[in-house]
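An overview of the molecular structure
Take a look at the letters that make up each chain.
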Amino acid sequence: MLSKIAASSSPAKAKPEGFNFIAAQARFLLLVRMDTTLEDSSGCWFHDLIFKLANGFRKISLEKDATDRDIATAIVISSQIIKDIKPLLRAASSLLDDHKNAPKILELIAIQDATLLRSLILHARALKYSWLDLDKVQELIEKLYINIRPSAKKLEDITAYISLYKLVARPDNPFSNEIMALKLMRSLLGKSASFDKSKTDEIIDLAKTKVKFDKLSATPSFAVFDYEVSIKLEFNKVLSEAAGHLRSQQDDTFILQRIALCLRAVLSGLGDPTGFGTNFAPKTGYRGLKTTQFKRQIGLLTTPEALAGEAAQFSGWLTTLLSKLLKWPGIRVNDQGYSWPTELSVESVSKLVDERLAKLKAAYCKQSNMPGLPELVSPSWEKSKKDLVVAMVQAKMPRQKDFAEHGQFLDDPEYRTKHRRHIARVAKLVTKHIEAQHIDKLTNGEREQTIDLIMLPELAVHQDDMDILIHLSRKTHAIIVAGLGFIKQPGSTKPKNCAVWIVPRKHNGNNNEIQRFQGKYHMTAPEVKLGIQPWRPYQLMLELAHPAFPNEKGFCLSAAICFDSTDIALSADLRDKSNALLIPALNRDVNTFDSMVEALHYHMYQHVVLVNTGEYGGSYAMAPYAKRHERLIAHSSGNNQVTINTFRMNMFDFRRDGVGASMQSGLKQKSAPAGI
């Protein structure tokens, strides 16, 4: 009905004088709904051009006063309001073939959307359009690395110098983890003299720059700490200014900015240093035009989630450093709880990189042969806080038989509705449970939602329902650890089993939560039958800094998904690194896992919390106190039920560094096992 009214309100011929607000709004509504017959003009030749491009017209007549910028803008806008881009690629390729200034139009498109330009060139190449042979178009292709294909060799077989872009463009980018990224950064800092030959409008050329490393692998081994990245630097003029404020003389600032741009491109796996490595499926309906390079230059959001999504293999420490190196003058970048020097120079940054690599070396899980990834958070706690308040939440869905009846991804529409409704109700029940825990009336602005950590079982939440967990985290200000349903990650064809951490940063009250996956490596027999692929490139270690001890290591949480927790190598790795082990589980062998928790909490000499599905029950929280009734902190038994169990976990009782000795609970502890 609205479209019909809009069509009648938009005159076929716009009046040259004045401005018709109703007609302009009507044309805009028809544009974003892609609603036109094209029999009559919409009254605006620019809107007509967008319609024709979006609908794949091979022959398009242009207005005499249409500029190159108008054409480029119409192509970009068309790409952002349609779902199927193929008709647009056909129409744009044909239009450029008939236009005398195709290189300028393509350059303008590249500045706004390099991905669109890549798609356009690859489409035109298959159909051999003539504009591809122009020299300026070939120069543009070279700057955007479109002709550079990722290396197809096994990483272990690459021992000679190779183009940096050929490595970072691979799905198994060996520099996408923090250890190797810092190794590369250290080598770039060591080549600071090479920047003297670069011009002020040049950045590091990822295609021409060559690197050599003897121990390349998707997941770095412990041996990489003893090797260095050899590098041959090359520079190239940037397509457009990366950002106006980055222009400077060949001083430390110039060098650090170029290195930071290179690292940002390497971590995202893209040639565009202002780009993002993750794509989000657009929601139905018009929600404004999407990002452009100019927007990214100003914002330049640099977080693990923005560059690599929830599976990012690097921490907020690295992205905060990059943000500080790339910040606009006068802008303050949040320290995120880390200590930074007042002035960042090549020397001070080199020292920071060396110290961080030393920390990552100490955090490496040698028995499990994977990196430990420390992530620091500074919660807004009172200095007197002693306990973490934990909620063990048993959800009833999914049941094990659901995977056979509704598919391994549980994406059957009818089941999805039930599952999402169940998780939403469980989340609401958690908030009501927290409210019910308060007996006394709140005073002095006290917050009712006093919960620190919420745990849900393995495979409990569909990936599309993470918004429910995020809203629950924002409402309760709590960290959430929950098992996600089987997911497919970009660059992989096989599904994986992951848990997700949702962690409020609690800096300046923003909603920019840490969202990070914890993978599962050891598959059960049913998972092997389903073809679930092991994936655990890092072990996340969440460090909660305490305001009473700002210069000491915080309380460290780590997680192992169900069957992984039975791996003695992993528990041996985490024994001296974590302060509490969290285990999301979906396990029918309740007795065996009860015995495992009974053993683990003592051998690791720390809190162990296991949350099983409500189908089977058997959730435990234990700590190595002397008396049995104090050792068993919480227990939920009984099957086929939703249960919520809250308890307190003292953060100082089992610290081995003496921090917070005066804040211990006073409960008598068991004698420590051998080796502790």
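Just so it is clear, the structure is predicted and the values come from calculations on it, not from any experiment.

1. Some words on the overall build of the protein chain
- Looking only at helices and strands, the protein chain has 22 helices and 18 strands in total.
- Considering the protein chain as a whole, with its 676 residues, one finds that 55% of them fall into the buried category.
- Sequence separation of at least 24 residues holds for 68% of the intrachain contacts in the protein chain that already meet a minimum separation of 6.
- About 31400 Å² of surface is accessible on the protein chain, with carbon and sulfur atoms providing 50% of the total.

2. Observations concerning helix α3 (residues 45-54)
- Of all 10 residues making up α3, eight are buried, and the element is well covered by its neighbours.
- Just past α3, the residue G56 takes up positive phi, approximately 80°.

3. A look at the sheet that holds strand β10 (residues 498-503)
- The strand order β11-β10-β9-β8-β7-β18 describes an open sheet built from six strands, whose pairing is mixed. Pairing within the sheet leaves two strands with one partner each, and these edge strands are β11 (514-519) and β18 (643-650). Shown here is a sheet whose adjacent strand axes are inclined to one another by a mean of 20°, direction ignored.
- The pairing of β10 with β11 spans six bridges and is antiparallel. Bridge pairing in β11 places V503 opposite I514.
- Lying over the sheet, helix α17 (residues 413-436) contacts β7 (387-394), β8 (453-455) and β18, oriented at roughly 55° with respect to β18.
- Strands β8, β9 (479-483), β10 and β11 of the sheet are contacted by helix α18 (residues 466-476), whose axis makes an angle of about 30° with β10.

4. Concerning the sheet that holds strand β4 (residues 230-232)
- The sheet built from three strands is open, its strands ordered β1-β3-β4 with antiparallel pairing. The open sheet has two edge strands, β1 (162-163) and β4, and neither has a second partner.

5. A look at unusual backbone geometry
- Cis geometry is adopted by the peptide bond preceding P398, which originates at M397 and carries an omega value of 0°.
- On the secondary structure map, P398 appears in the loop between β7 and α16 (400-406).
- Phi at H477 is positive, roughly 60°, even though this residue is not glycine.
- As for its placement among the helices and strands, H477 is situated in the loop between α18 and β9.
- Backbone geometry at C562 places phi at a positive 40°, although glycine is not the residue there.
- Take C562: it is sitting in the loop between β13 (555-559) and α20 (568-574).
- For C562, a relative accessible area of 4% corresponds to the buried category.

6. Description of the packing of helix α11 (residues 252-268) against helix α14 (residues 316-326)
- Direction vectors running N to C along α11 and α14 enclose 140°, while the axes themselves pass 9 Å from each other. Between α11 and α14, the interaxial angle falls into the category oblique. The handedness of the crossing between α11 and α14 is left-handed. In this structure, α11 contributes L256, Q257, A260, L261, L263, R264 and L267 to the contact, and α14 contributes L318, L322, L325 and L326.
- Class assignment for the residues of the contact of α11 with α14 results in nine nonpolar, one polar and one charged.

7. Observations concerning the environment of H635
- On the secondary structure map, H635 appears in strand β17 (residues 632-636).
- Since its relative accessible area comes to 34%, H635 is described here as partly exposed.
- Sequence spacing of H635 and L610 is 25 residues, and the spatial spacing of their C-alpha atoms is 9.5 Å.
- Non-local contacts of H635, meaning those with residues more than four positions away in its chain, are made with M392, S619, Y620 and N645.
- Reaching out from H635, the side chain makes a polar contact with the side chain of Y620 at a distance of 3.3 Å.

8. Some words on the environment of L325
- Within the fold, L325 resides in helix α14.
- A residue is classified by how much of its surface remains accessible, and L325, at 7% relative accessible area, is buried.
- When near neighbours in sequence (up to four residues on either side) are disregarded, L325 contacts M185, L256, Q257, A260, L344 and V349.

9. Examining the packing of α3 against helix α5 (residues 86-97)
- One way to put it is that α3 packs onto α5 with a least axis distance of 7 Å and a crossing angle of 115°. Judged by residue contacts, K52, L53 and A54 of α3 engage P87, L88, A91, A92 and L95 from α5.
- The class makeup of the residues in the contact of α3 with α5 is seven nonpolar, no polar and one charged.

10. A short note on the pairing of β7
- By the criterion of burial, β7 is predominantly enclosed, with eight of the eight residues buried.
- Neither face of β7 is open: one carries D387, V389, A391 and V393, the other L388, V390, M392 and Q394, and all of them are buried.
- Summarising the sheet, β7 and β18 pair through eight bridges and their orientation is antiparallel. Note that in β18 the partner of V390 across the bridge is F647.
- Taken together, the three bridges between β7 and β8 define a ladder with parallel strand orientation. Across the sheet, the residue bridging to A391 is I454, located in β8.

11. Section: the confidence of the model for the protein chain
- For the protein chain, per-residue confidence averages 86 on the pLDDT scale, and residues scoring 70 or more make up 86% of the total.
- Contacts from residues 12-16, a stretch scored under 50 in pLDDT, to residues over four places away or in other chains number four contacts.

12. What about the pattern of salt bridges?
- In total, this model carries 25 salt bridges according to the counting rule given.
- Of the charged contacts in the structure, one is a salt bridge between D98 and K59, with a shortest N-O distance of 3.7 Å. Residue D98 is located in the loop between α5 and α6 (102-112), and its partner K59 is located in the loop between α3 and α4 (68-80); the two are separated by 39 residues in the primary sequence. For the pair shown, D98 and K59 are each scored as exposed.
- Measuring nitrogen to oxygen at the nearest pair gives 2.8 Å for the salt bridge that ties D467 to R420. Of this pair, D467 sits in helix α18 while R420 sits in helix α17; the two residues are 47 residues apart in sequence, bridging distant segments of the chain.
- Residue D467 is classed as partly exposed on the basis of its relative accessible area, which comes to 30%.
- Judged by relative accessible area, which is 32%, R420 ranks as partly exposed.
- The network of salt bridges with shared partners includes K183, R186, E228 and D354.

13. Considerations on the side chain of H607
- Position of H607 among the secondary structure elements: in strand β15 (residues 607-611).
- According to the relative accessible area criterion, H607 is buried, its value standing at 2%.
- With residues near it in sequence (within four places) discarded, H607 still touches N579, A580, L581, M622, A623, Y625, I633, M649, N650 and F654.

About the criteria used
Residues numbered from 1 in each chain as written. Predicted model: local features only at pLDDT ≥ 70, side-chain atom pairs only at ≥ 80, totals over all residues. Heavy atoms only, no water. Helix = DSSP H or I, 4+ residues; strand = E, 2+ residues; numbered from the N terminus. Buried < 20%, exposed > 50% of the residue type's maximum accessible area, 1.4 Å probe, protein only. Contact = heavy atoms within 4.5 Å. Areas by Shrake-Rupley, 256 points an atom, 1.4 Å probe, with all protein chains shown as cover. Pairing = 2+ DSSP bridges. Axes fitted to C-alpha atoms, helices over the stretch in contact; angles between N-to-C directions. Parallel < 35°, antiparallel > 145°, perpendicular 65-115°, else oblique. Left-handed = near helix turned anticlockwise from the far one by under 90°. Nonpolar A, V, L, I, M, F, W, Y, C, P; charged D, E, K, R; others polar. Polar contact = N/O pair within 3.5 Å; in protein donor to acceptor, adjacent residues only side chain to side chain. pLDDT = per-residue confidence, 0-100. Salt bridge = Lys/Arg side-chain N within 4 Å of Asp/Glu carboxyl O.

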